[in-house]
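Now for the letters of each chain:
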Amino acid sequence: MSDHESTYVPKTAVERWMDTRLPIIRFGMDYANLPTPKNLNYWWTFGGILAICLMTQIITGIVLAMHYTPHVDMAFASVERIMRDVNGGWLIRYVHANGASMFFIAVYLHMLRGLYYGSYKAPREMIWIVGCVIFFLMIATAFLGYVLPWGQMSFWGAEVITNLIGAIPVVGEPILIWLRGGPAIDNATLNRFFSLHYLLPFVIAGCVVLHLWALHAAGQNNPVGILIPKDRAKKDMLPFHPYFTVKDGFAIILFLILFAVFVFYNPNALGHADNYIPANPLQTPAHIVPEWYMLPFYAILRAIPDKFGGVVAMFAAIGVLFVLPWLDTSKVRSMRYRPTMKTFFIIFLFVCFGLGWCGAQLPDAPVIGSFKTFTLIDGDLNSYLWLTRFLTAYYFVFFLVLMPVIGLREKPLPIPATISEPVLPSTAAEKA
Amino acid sequence: MSGRAAGDAEVKRVAESVVNADGPDGQHGGGDATRRDFIHIAAGAAAAGAGVMVAWPLINQMNPAADTLALASIEFDLTKVQEGQQVVIKWQGKPVFVRYRTPAELTKVIDEGAVGSPPQTDAERTKAGHEKYLVVIGSCTHLGCVPTFNAGDYGGWFCPCHGSHYDASGRIRKGPAPLNLIVPNYEYMSDTRVKIG
């Protein structure tokens, strides 16, 4: 917490010397001893898992850059060379490629944790907002990285996504040409994407420092969602190390097992076969789909019949997260005590999965069976187009209508005075 | 601060006195604009101007380079296209469709009059005397995919990415694309030769 005092006492002469000059040992020790709510469940372990993911991506990425050639004529071949000839190159590339998916699995669970337990509410708004910035940077980095192997999906993904910017009225076209470095996606584009793909992870790392700084200042949320009263700090908090390093460590091991299953048993399960065809600017693959972690946003893009409107909706879907702390009017943080909101949250979960599913389908394809119902405006009602529209509507209604309205109207369950109370009723009596 | 060595307090006191030392700014409390205010504004403006001048080359380097711009035009021999077929050529990194339309296709697109977005007649999209050849940039005006030849509801092209239908004049008839396929600048060098760009 913010008022957490430093308890570090330098023991040796070297530590004392260091402590007046660069108190880095004190800094580290204070972090290790950070008082942490004792009721954190396993949903709280994704922060540590994400740190592991970022480190894995940076380390494998630096190694891959030693063998990769950012040139339209050589990029694809250099990636194949990494796969076949570079010592252990296949492993490093599969770890990096699947690592991106693992990173997104973890970040989505981390965000849903924050959403369910109200971790974005006062005084933790800045933790959440910096987190949203990190999420946005992750999407940008993943997109840039996906272009580098210069396969068909790389090329056409880059084509479609950069064209989104061209949808901006008036200035879109000059910005598009500036971004690509020419009239079309070409060598200039590949070179700059490589440069930026190398840069952004370090920007993310910088934002992670801010994220942790904000976390240190405001203190961790917990499943009960209450701020821990000062006089309960001794009873309800435990030092981060060893209690939560061990808990996080266990979760990290489970997570790495899942990661390894993908890397060693089905390394291409989350990828797309078309990306093993070299990029061809004259032929679009029959069915372009982004990586799974972008699918919900891609679905929202396609739901809007207007080109610029679709782009606005897609960015709004991420943008709305930034203002979430002010959209939610409830004083109660944890949805454990908000049964009405909890129901809508569960629907929201299904909607997110549904959007992801729709993003991978052809818009005109029927959802149920193969029959036509009736045409509503510009598509059959029994089509992914309309399913996507209903889901998109719920996505925005959830944040823009349900969050503010339910917060004001619902009747929350009684909230315990301490985080011990729900598990140890005797402490409630003792308090009373 | 309990655990620190005695010397630390001394270090800290000295450091604070440096931070809080009364600088020339600290002495001036009047509300009027002074020469110092003027210097602040002038220095700030100069720094901002210099910042822009430094930033511009760093931004402008991302615009198309001279050699990229030099690849501005190509020539194409129309005898390579069979009736009812199209040839895809690469111009400025983008596909260009050169389509030799059948009489039936031609009659259809001319009879339809001005359609598409913006509404255009077929004559506005071809050169007089060469109506059977259509030259368009083969990038869907939605998000840039290459539309599939001879597919879709209007006998022209169909974009596989998001389902835009174009007719045999390259005009958008159905789907999310906002504009007709773009007709590039081109001219006939002879009856069988065009220069694009």
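All of these numbers come straight from a predicted model, not from anything done at the bench. (Residues numbered from 1 in each chain as written. Chains lettered and ligands numbered in written order. Predicted model: local features only at pLDDT ≥ 70, side-chain atom pairs only at ≥ 80, totals over all residues. Heavy atoms only, no water.)

Asks: So what's going on with the sheet that holds strand β8 (residues 172-174) of chain B? Which residues, and what values?
Replies: All names here are of chain B. Spatial ordering of the open sheet is given by β5-β6-β7-β8, a layout of 4 strands whose pairing is antiparallel. Looking along the sheet, the strands with just one partner apiece sit at the ends: β5 (148-149) and β8. Strand direction decides the pairing type here: strand β7 (residues 165-167) and β8, joined by 2 bridges, are antiparallel. Across the sheet, histidine 165 pairs through a bridge with lysine 174, a residue of β8. (Pairing = 2+ DSSP bridges. Helix = DSSP H or I, 4+ residues; strand = E, 2+ residues; numbered from the N terminus.)

Asks: Tell me what's going on with the packing of aromatic side chains, and back it up with residues and numbers.
Replies: Applying the stated criterion across every chain, the model contains 32 aromatic pairs over all chains. When the centroid spacing of 6.1 Å and the interplanar angle of 45° are considered together, the rings of A:Phe104 and A:Tyr108 count as tilted. With A:Phe104 and A:Tyr108 both in helix α5 (residues 89-116) and 4 residues apart, this pair spans about one turn of that helix. Both residues of the pair, A:Phe104 and A:Tyr108, belong to the buried class. By way of ring pairs, the aromatic residues A:Phe104, A:Tyr108, A:Phe135, A:Trp292, A:Tyr293 and A:Phe297 are connected into one cluster. Lying over the aromatic face of B:Trp157, B:Arg99 brings its terminal NZ or CZ to 4.6 Å of the ring centre. Over the aromatic face of B:Tyr186 sits the side chain of B:Lys127, whose NZ or CZ is 4.7 Å from the ring centroid. (Phe/Tyr/Trp six-rings, centres within 6.5 Å; stacked < 30°, edge-to-face > 60°. Buried < 20%, exposed > 50% of the residue type's maximum accessible area, 1.4 Å probe, protein only. Lys NZ or Arg CZ within 6 Å of the ring centre and 35° of its normal.)

Asks: Outline the side chain of B:Gln86, supporting the account with residue identities and numerical values.
Replies: Residue and element names in this part refer to chain B. Take glutamine 86: it is sitting in strand β2 (residues 86-91). Given the relative accessible area of 16%, glutamine 86 is considered buried. One polar contact links glutamine 86 to tryptophan 157, side chain to side chain, over a distance of 3.1 Å. Among residues more than four places away in sequence, those in contact with glutamine 86 are Val81, Phe97, Val98, Arg99, Phe149 and Trp157. (Polar contact = N/O pair within 3.5 Å; in protein donor to acceptor, adjacent residues only side chain to side chain. Contact = heavy atoms within 4.5 Å.)

Asks: Can you explain the packing of helix α12 (residues 295-303) of chain A against helix α15 (residues 339-359) of chain A? Please cite residues and give values.
Replies: Residue and element names in this part refer to chain A. Interhelical geometry of α12 versus α15 gives an angle of 70° and a closest axis separation of 7 Å. Between α12 and α15, the angle falls in the class roughly perpendicular. Of α15, the residues touching α12 (which contributes Leu295, Pro296, Tyr298, Ala299, Ile300 and Arg302) are Cys352, Leu355, Gly356, Cys358 and Gly359. Of the residues that constitute the contact of α12 with α15, the class distribution is 8 nonpolar, 2 polar and 1 charged. (Axes fitted to C-alpha atoms, helices over the stretch in contact; angles between N-to-C directions. Parallel < 35°, antiparallel > 145°, perpendicular 65-115°, else oblique. Nonpolar A, V, L, I, M, F, W, Y, C, P; charged D, E, K, R; others polar.)

Asks: Which residues make up the domain arrangement of chain A, and what values do they have?
Replies: When the parts of a complex come together, some accessible area is lost, and that lost area is often taken as the interface size. Residue and element names in this part refer to chain A. Its domain assignment divides chain A into domain 1 (33-288) and domain 2 (290-415). Taken over C-alpha atoms, the centre of domain 1 sits 23 Å from the centre of domain 2. On the side of domain 2, 39 residues touch domain 1, which itself brings 43 residues to the contact. Of the roughly 3500 Å² buried where domain 1 meets domain 2, counting both sides, 71% is carbon and sulfur surface. Where domain 1 meets domain 2, there are 1 salt bridge. For lysine 121, the salt bridge is made with aspartate 328, and the minimal N-O distance between the two is 3.0 Å. Where domain 1 packs against domain 2, one counts 15 residue pairs in polar contact (both at pLDDT 80 or more). Of all elements in the fold, only α5, α6 (125-147) and α7 (152-166) reach the threshold of two or more residues within the side of domain 1 that touches domain 2. Considering every element that reaches the side of domain 1 that touches domain 2, the biggest residue donor is α6, with 11 residues. The residue makeup of the side of domain 1 that touches domain 2, split by class, is 32 nonpolar, 8 polar and 3 charged. (Domains from an automatic or database assignment. Buried area = accessible area lost by both parts, 1.4 Å probe. Salt bridge = Lys/Arg side-chain N within 4 Å of Asp/Glu carboxyl O.)

Asks: Requested: an account of the UniProt feature "domain: Cytochrome b/b6 C-terminal region profile" (unreviewed entry) in chain A, with residues and values cited.
Replies: Using the residue numbers shown here, the UniProt feature "domain: Cytochrome b/b6 C-terminal region profile" (unreviewed entry) corresponds to residues 230-417 of chain A. Regarding residues 230-417 of chain A, the helix share stands at 56% and the strand share at 4%, and the terminal C-alpha atoms are separated by 12 Å. (UniProt positions renumbered as here; feature names shortened; annotations may be inferred.)

Asks: Outline the state of the cysteines, listing residues and values.
Replies: Within the structure shown, the criterion is met by 1 disulfide over all chains. Disulfide pairing is shown between B:Cys145 and B:Cys161; the S-S distance is 2.0 Å. Its S-S torsion of about -100° marks the bond between B:Cys145 and B:Cys161 as left-handed, since a negative value means left-handed. With B:Cys145 in the loop between β4 (133-137) and β5 and B:Cys161 in the loop between β6 (155-158) and β7, this residue pair connects regions lying 16 residues apart in the sequence. Residue classification places B:Cys145 among the buried positions, given a relative accessible area of 1%. Counting only cysteine sulfurs, A:Cys358 is the nearest neighbor of A:Cys352, a cysteine outside any disulfide, at a range of 12 Å. Residue A:Cys352 is classed as partly exposed on the basis of its relative accessible area of 23%. (Disulfide = S-S within 2.5 Å.)

Asks: Could you give an account of the interface of chain B and chain A, with specific residues and numbers?
Replies: Contacts between the two partners involve 28 residues from chain B, matched on the other side by 31 residues from chain A. Summed over both sides, the interface of chain B with chain A buries roughly 2500 Å², with 63% coming from carbon and sulfur. Applying the counting rule to chain B against chain A returns 0 salt bridges. Taken together, chain B and chain A are joined by 6 residue pairs in polar contact (both at pLDDT 80 or more).

Asks: Just give me the short version of the side chain of A:Thr60, but keep the residues and values in it.
Replies: Residue and element names in this part refer to chain A. Within the secondary structure, threonine 60 sits in helix α3 (residues 46-65). On the basis of relative accessible area, threonine 60 is assigned to the buried category, the value being 11%. Within the structure, threonine 60 has its side chain in polar contact with the backbone oxygen of glutamine 57 (distance 3.4 Å). Those residues in contact with threonine 60, other than ones at most four positions away along the chain, are Ile92, Val95 and His96.

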